[in-house]
Amino acid sequence: MRILFLGDIMGRAGRRAVTEQLKTLRADWKLDFVVVNGENATGGAGLTAAHARTFLEAGADVITLGDHAFDQREMLTFSEQEPRIIRPLNFAKESPGTGARVFSDARGRKILVTQVLGQVFMKRPFDDPFSAVDAVLKRHPLGGAVQATLVDVHCEATSEKMAMGHWCDGRASVVVGTHTHVPTSDAQILPKGTAFLTDAGMCGDYDSVIGMQKEEPMRRFITGMSKGRFTPATGEATLSGLFVETDDRSGKATHIQMVRVGGRLAQSTPLDGA
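Residues numbered from 1 in each chain as written. Predicted model: local features only at pLDDT ≥ 70, side-chain atom pairs only at ≥ 80, totals over all residues. Heavy atoms only, no water.

Draft legend 1. Structural view of the overall build of the protein chain. Tallying secondary structure elements over the protein chain gives six helices and 14 strands in all. At 17 Å, the protein chain has a C-alpha radius of gyration in line with the 19 Å of a compact globule built from 274 residues. Its C-alpha atoms give the protein chain principal-axis dimensions of about 55 × 45 × 35 Å. Expressed as a percentage of its 274 residues, the buried residues of the protein chain come to 57%. Residue pairs in contact within the protein chain that sit at least 24 positions apart in sequence constitute 64% of those at least 6 positions apart. On the protein chain, roughly 11700 Å² of surface is accessible, and the fraction owed to carbon and sulfur atoms is 51%. (Helix = DSSP H or I, 4+ residues; strand = E, 2+ residues; numbered from the N terminus. Rg over C-alpha atoms; globule rule 2.2 N^0.38 Å. Buried < 20%, exposed > 50% of the residue type's maximum accessible area, 1.4 Å probe, protein only. Contact = heavy atoms within 4.5 Å. Areas by Shrake-Rupley, 256 points an atom, 1.4 Å probe, with all protein chains shown as cover.)

Quick look at the structure:
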């Protein structure tokens, strides 16, 4: 299975890049399944139903969220109406929607998509992410009930993301980090066959401070005072993410490659095998 994951879509610039390029990438790279993280797509905080529909129409199969899952109030109801929205497993016990679901690609192959929030350096305490993921993986064994599994680890600490990758090694096809908006360069297939990347980065304007226009974040760092709200940067966006190929029988990864398309971080070489 050929799987593409795109990191946090940031504001208008990120939305534009995804809607303008995803269909072409899907065709050119012969993608079987596409997952995008959309939790910052609307004004940098949350996701509206209208923007979610735009990504699904553009070629995304599933949208994951994050700690800003319900910043846009309409997501409280839309996440229950739209099965292709995945909120964090451990957000809160009474959260609407679901944190894990099994989907099918065009050929009928089953893929489990789940997301979990980390605990280290996060603004609020969340339930144990490791036990939450463990329970889901046990219900949907890789190479048995599902042909592929993707885990979106939405957290701040690189160590926590790495620990989750090793915790899931051999039980998930892909473990990929989100939340920091800064792409890492450690894409690898772990010893037992799980594709891992500490952070996919963002789909947004990198001439910014993690996707926000530079002036206000810089002012707060330099003076310790705020003057206005954070506003998403609107320049040309880079699509940042991860491409993984998996073996249908075992569900394990056979190829992994970081994705940087357009904008300031564009890769100079095309995707392998495209």
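Draft legend 2. Local environment of the sheet that holds strand β8 (residues 148–154). The six strands are arranged β6-β7-β8-β9-β11-β10 in an open sheet whose pairing can be described as mixed. Bordering the open sheet on either side are β6 (100–104) and β10 (188–189), each of which pairs with just one other strand. As judged from the two bridges shared by β10 and strand β11 (residues 195–197), these two strands associate in the antiparallel manner. Within β11, the position partnered with Ile189 by the bridge is Ala195. With respect to the sheet, helix α4 (residues 129–139) is in contact with β6, β7 (110–117) and β8, its orientation differing from that of β7 by roughly 165°. (Pairing = 2+ DSSP bridges. Axes fitted to C-alpha atoms, helices over the stretch in contact; angles between N-to-C directions.)

Draft legend 3. Geometry of the pairing of strand β1 (residues 2–6). Across the five residues of β1, five count as buried, placing the element largely inside the fold. Judged by which residues are buried, β1 turns out to be covered on both faces: Arg2, Leu4 and Leu6 on one side and Ile3 and Phe5 on the other are all buried. Bridge count between β1 and strand β13 (residues 239–246): five bridges; the pairing is antiparallel. Residue Leu6 lies in a different strand from β13, and its bridge partner there is Gly241. Bridging between β1 and strand β3 (residues 33–37) involves four bridges; their strand directions are parallel. Across the sheet, the residue bridging to Ile3 is Phe33, located in β3.

Draft legend 4. View of the sheet that holds β13. One open sheet accounts for six strands, arranged β5-β4-β3-β1-β13-β14; its pairing is mixed. Edge positions in the open sheet fall to β5 (85–86) and β14 (253–261), since each of these has one partner strand only. Sheet topology note: the β13/β14 ladder contains eight bridges and is antiparallel. Paired with Phe243 across the two strands is Gln257, which belongs to β14. Sitting on the sheet, helix α1 (residues 11–28) touches β1, β3, β13 and β14, and the angle it makes with β13 is about 25°.

Everything listed here is a matter of geometry and, on its own, says nothing about what the molecule does.
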